[in-house]
Amino acid sequence: MRVHEIAKKLNMDNKVLVSELKEMGMVIKSALSSLDEETSQQVINLFTAGKTARGVTSQPVTPKKKKISLAFSSRVSDLAKIIGIKPAELIKTLFSHAISATINQQITEEMIKHISSIYHLDIEISIPEKEKEEIEEEASFLQSRAPVVTIMGHVDHGKTKLLDTIRQANVIDTEAGGITQHIGAYKVKLKEGEVVFLDTPGHEAFSAMRARGAHVTDIVVLVVAADDGIMPQTVEAIDHARAANVPIVVAINKVDLPGVNKEKVYKQLADNNLLAESWGGKTICCEVSAKQKIGIDHLLEMLLLEAEMLELTANPNKKAQGTIIESRLDKGKGPVATVLVQKGTLHKGDAFVDGTSYGRVRAMFNDRNERINSAGPSTPVEVVGFSKISLAGDLFKVVEDTKKAKQICLELQENEKVSMEKLPTRITLNDLYLQIKEGKVKELDVIIKADVGGSVEVLKHSFEKIGNKEVKIKVIHSGIGEVNESDIILASASNAVIISFHLPLKGDIKTLGQTYGVDIRSYNIIYDVTNEVKKALEGLLEPKYKEISLGIAEVREIFKASKIGIACGCYIKEGKVPKGNNARVIRNDKLIVETRMISLRRFKEDVNEVMAGLECGIGLEKITDVQVGDIIEIYTQEKIIQKL
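The structure displayed is predicted, hence computed values, not measured ones.

Take the overall build of the chain next. Check the secondary structure of the chain and you find 18 helices and 31 strands. Looking at the chain as a whole, 49% of its 644 residues qualify as buried. Pairs at least 24 apart in sequence give 69% of the contacts found in the chain among residues at least 6 apart. With the model as given, the accessible surface of the chain reaches about 32,600 Å², and the carbon-plus-sulfur share is 49%.

Right, dumping it as structure tokens:
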């Protein structure tokens, strides 16, 4: 059954029904699209069994998913062609779900999961026999790999000292002032297995890499000093880890200090939705002292247990792939980078592509600065041989030879240029509707920064009241104090809007926000904040249309007209017929076509309207099938803006 036939049965406008079906994820091009019998009946049931404001019943009947077949090695452009949309549109959709993609990139499982849900598809992966053999061979080579752990927390809470104790090496003395100055990656060998630690200068680096599409961390260790408890940067670290959907293990450090109130720390963790196992929750909390080497073994045991639950595997018997953790320019070695190998094994002499640069591995060094010839999965190595300085988060991939590497590099540069030109800007309150058009539940991610805690709580409480089942606000981070670089990087990685209340915005922060494309709004009155955000959310609500019948005309003669093709000599039976409205042609109670009136004449003169009981000539847009005796319904659509 065609969509316009279903619309007629439901007494709905064609365009409205098409819009509703698209909103539900069905691939519908126009009212002429056909649905199979089962799906047609499901749609009719769905829209007749007690519609809500969105046309969805309390127990909706899910339309049948459209099945499509996709080759295992398909690219983003191939999938877009099968779905029937432009590659740029598919890239935008993936980007809005925090998935970076280029036109020639191979489709991943994560992409398929999101695309299936968004476009309501049942995607079947067809694998050629040769590729099946390769996949089976790949599965047979899968081995457990070491978890990659990032240590985060408030400054001076003992992050690097903890790692120093674990490594049994004096890393901290090499750092200026005892504070970590760059990203370090270290592999620690234990009796039960291996763990790779990323010692970062803060959660900014963690989210900056995520903003570039890099997902390297399996577990986050949140270090909390027992004497200080939860501090502002601790809360930021929690929010950054949550935004990345990474499991958190808490290390309560400095438990050896006299007079520390550990229960207070557990209470603060619970207040931040990290309920410890000892309190009946699911968060692993380990009491440690990095200085006195207390509880370190228990922490490592818990990390390996968490990794076991994650079932981390990789194939070491293939060309290496990994992610750039950091890069620098060395006076003697040239451009070098720390690479975390994630798949395969990297060998000395391998040609590689890295983002928009390429090279050959001239030398490799492990985390203890020892020269090595190979590195397997979950191994951090410093690589010498890059053509230029890389960016943290870039994908590192081994290819056949340097000639192939250079060719791929040039293609990547061109594709990256095209993709970036067509990607949407970061979300702003002004273009909220266009930025978040996908999905039935729509969210606006917000970061709140205010002068005092009371203002933060009032804003969070106010935002909770705004919205409904369709649209809502999600506060991903809040804090006291001016907007800082960490807030901007988190907003960039999460596509969020920053609300600054009763605080000045420094010039360098404004510039940084513009650089990252983050929308920062500054307010002094709470009503102004809630009012503007409410208006932005209302823009997410699809407007409703009410059909208003204007008049009914009966076709009594057909004329050929030079400018429009066919003109209908009509008698107005009911109402009045104004010029330039929507029209539908009905024959024997069946819809023939939906169109528009493009001319209205009486006695060869153009007129604006004709009343009932009079004759007139009506010209319809692009119509060829019209007969004497047909009924022309003239109607208009009244747009109804929804309010929260």
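The structure having been displayed, the exposition proceeds.
Of all the nine residues making up helix H8 (residues 159–167), eight are buried; the element is thus mostly covered by neighbouring parts of the structure. Turning to H8, its buried residues number three or more, namely Lys 159, Thr 160, Leu 162, Leu 163, Asp 164, Thr 165, Ile 166 and Arg 167. Remark: Gln 168 follows H8 within two positions and exhibits a positive phi of approximately 55°.

Here we come to the confidence of the model for the chain. Mean pLDDT over the chain: 79, with 79% of residues reaching 70 or higher. Counting contacts from residues 169–183, a segment whose pLDDT is below 50, to residues more than four positions away or on other chains yields 25 contacts.

Tallied over the entire structure, the rule returns four aromatic pairs. With a centroid separation of 6.3 Å and an interplanar angle of 25°, the aromatic rings of Tyr 266 and Trp 279 are classed as stacked. Here Tyr 266, found in helix H11 (residues 262–271), pairs with Trp 279, found in the loop between H11 and strand S9 (284–287); they are 13 residues apart in sequence, far enough to count as distant. For Tyr 266, a relative accessible area of 7% corresponds to the buried category. Look at Trp 279 and you get partly exposed, because its relative accessible area is 35%. Arranged with centres 4.7 Å apart and planes meeting at 55°, the rings of Phe 352 and Phe 386 form a pair that is tilted. Taken together, the positions of Phe 352 in strand S14 (residues 351–354) and Phe 386 in strand S18 (residues 379–386) put the pair 34 residues apart, joining distant regions of the chain. Of the aromatic side chains, those joined through ring pairs into one cluster are Phe 352, Phe 386 and Phe 396.

Residue placement: His 154 occurs in the loop between strand S4 (148–153) and H8. With a relative accessible area of 12%, His 154 lands in the buried category. In terms of polar contacts, His 154 uses its side chain to reach the backbone amide nitrogen of Gln 233, at 3.5 Å. Not counting the four nearest positions on each side in its chain, His 154 is found in contact with Lys 159, Val 223, Met 231, Pro 232, Gln 233 and Thr 234.

Soluble globular proteins tend to pack their nonpolar side chains together in the buried interior. Counting residues in hydrophobic clusters, the biggest one holds 26 residues, and the most contacted among them are Leu 162, Phe 197, Leu 299 and Leu 303. Elements supplying a minimum of two residues to this core: S4, H8, strand S5 (184–189), strand S6 (194–199), strand S7 (219–225), strand S8 (248–253), S9 and helix H12 (296–310). Residue contributions to this core peak at seven residues, all from H12. Look past the residues within four positions of Leu 299 in its chain and what remains in contact with it is Leu 162, Val 249, Ala 251, Cys 286 and Val 288. Met 152, Ala 237, Ala 244 and Val 255 belong to the second largest nonpolar core, which has 23 residues in total.

Another aspect to go through is the pairing of strand S30 (residues 615–620). Of the strand pairs in this sheet, strand S25 (residues 565–578) and S30 are connected by five bridges, and their pairing is antiparallel. Looking at S30, one finds that Tyr 571 is bridged to Glu 615.

With six of six residues buried, S4 lies mostly within the body of the structure. Of the two faces of S4, the one carrying Val 148, Thr 150 and Met 152 and the one carrying Val 149, Ile 151 and Gly 153 are both buried. Of the pairings in the sheet, the one linking S4 to S7 comprises five bridges and is parallel in character. Paired with Ile 151 across the two strands is Val 221, which belongs to S7.

Time to look at unusual backbone geometry. If you check the backbone angles, Asp 589 has positive phi at about 65° while not being a glycine. Tracing the sequence through the fold places Asp 589 in the loop between strand S26 (582–587) and strand S27 (590–602). With a phi angle near 55°, Phe 603 is a residue other than glycine that sits in the positive phi range. By the element assignment, Phe 603 lies in the loop between S27 and strand S28 (605–606). Overall, Phe 603 belongs to the exposed group, its relative accessible area being 71%.

Two numbers describe how H8 lies on H12: the axes approach to 11 Å, and their chain directions differ by 90°. The angle between the axes of H8 and H12 places the two elements in the roughly perpendicular class. Within the contact between the two elements, H8 uses Leu 162, Thr 165 and Ile 166 and H12 uses Ile 296, Leu 299 and Leu 300. Class assignment of the residues belonging to the contact of H8 with H12 gives a composition of five nonpolar, one polar and no charged.

The interhelical angle for the contact between helix H10 (residues 232–243) and helix H16 (residues 485–494), taken along N-to-C directions, is 15°, at an axis separation of 11 Å. Considering the angle they form, H10 stands roughly parallel to H16. Like other packed secondary-structure pairs, H10 and H16 cross with a definite hand, here left-handed. Contact residues: H10 offers Glu 236, His 240 and Ala 243, while H16 offers Ser 486, Asp 487, Leu 490 and Ser 494. Looking at side-chain class alone, the contact of H10 with H16 contains two nonpolar, three polar and two charged residues.

Examined against the element boundaries, Gln 627 turns out to sit in the loop between S30 and strand S31 (631–640). Assessed through its relative accessible area of 40%, Gln 627 is described here as partly exposed. The spatial distance from the C-alpha of Gln 627 to the C-alpha of Glu 557 is 8.1 Å, given a sequence separation of 70 residues. Not counting residues within four places of it along the chain, the set of residues in contact with Gln 627 comprises Val 555, Ile 558 and Arg 587.

Turning our attention to the pattern of salt bridges. Throughout the structure, instances matching the rule amount to 20 salt bridges. Across the salt bridge formed by Glu 482 and Lys 506, the nearest N and O atoms sit 3.6 Å from each other. Of this pair, Glu 482 sits in the loop between strand S21 (471–480) and H16 while Lys 506 is found in the loop between strand S22 (497–501) and helix H17 (507–516), placing the two residues 24 residues apart along the sequence. The class of Glu 482 is partly exposed, set by a relative accessible area of 31%. Put simply, Arg 328, Asp 330, Lys 333 and Glu 382 are held in one network by salt bridges that share partners.

Turning next to the environment of Met 611. Position of Met 611 among the secondary structure elements: in strand S29 (residues 609–611). Its relative accessible area of 42% is what places Met 611 among the partly exposed residues. Sequence spacing of Met 611 and Ile 572 is 39 residues, and the spatial spacing of their C-alpha atoms is 6.8 Å. Not counting chain neighbours up to four residues away, the residues in contact with Met 611 comprise Ile 572, Gly 575 and Lys 576.

Parameters and conventions
Residues numbered from 1 in each chain as written. Predicted model: local features only at pLDDT ≥ 70, side-chain atom pairs only at ≥ 80, totals over all residues. Heavy atoms only, no water. Helix = DSSP H or I, 4+ residues; strand = E, 2+ residues; numbered from the N terminus. Buried < 20%, exposed > 50% of the residue type's maximum accessible area, 1.4 Å probe, protein only. Contact = heavy atoms within 4.5 Å. Areas by Shrake-Rupley, 256 points an atom, 1.4 Å probe, with all protein chains shown as cover. pLDDT = per-residue confidence, 0-100. Phe/Tyr/Trp six-rings, centres within 6.5 Å; stacked < 30°, edge-to-face > 60°. Polar contact = N/O pair within 3.5 Å; in protein donor to acceptor, adjacent residues only side chain to side chain. Core = buried A, V, L, I, M, F, W, Y, C linked by side-chain atoms within 4.5 Å. Pairing = 2+ DSSP bridges. Axes fitted to C-alpha atoms, helices over the stretch in contact; angles between N-to-C directions. Parallel < 35°, antiparallel > 145°, perpendicular 65-115°, else oblique. Nonpolar A, V, L, I, M, F, W, Y, C, P; charged D, E, K, R; others polar. Left-handed = near helix turned anticlockwise from the far one by under 90°. Salt bridge = Lys/Arg side-chain N within 4 Å of Asp/Glu carboxyl O.

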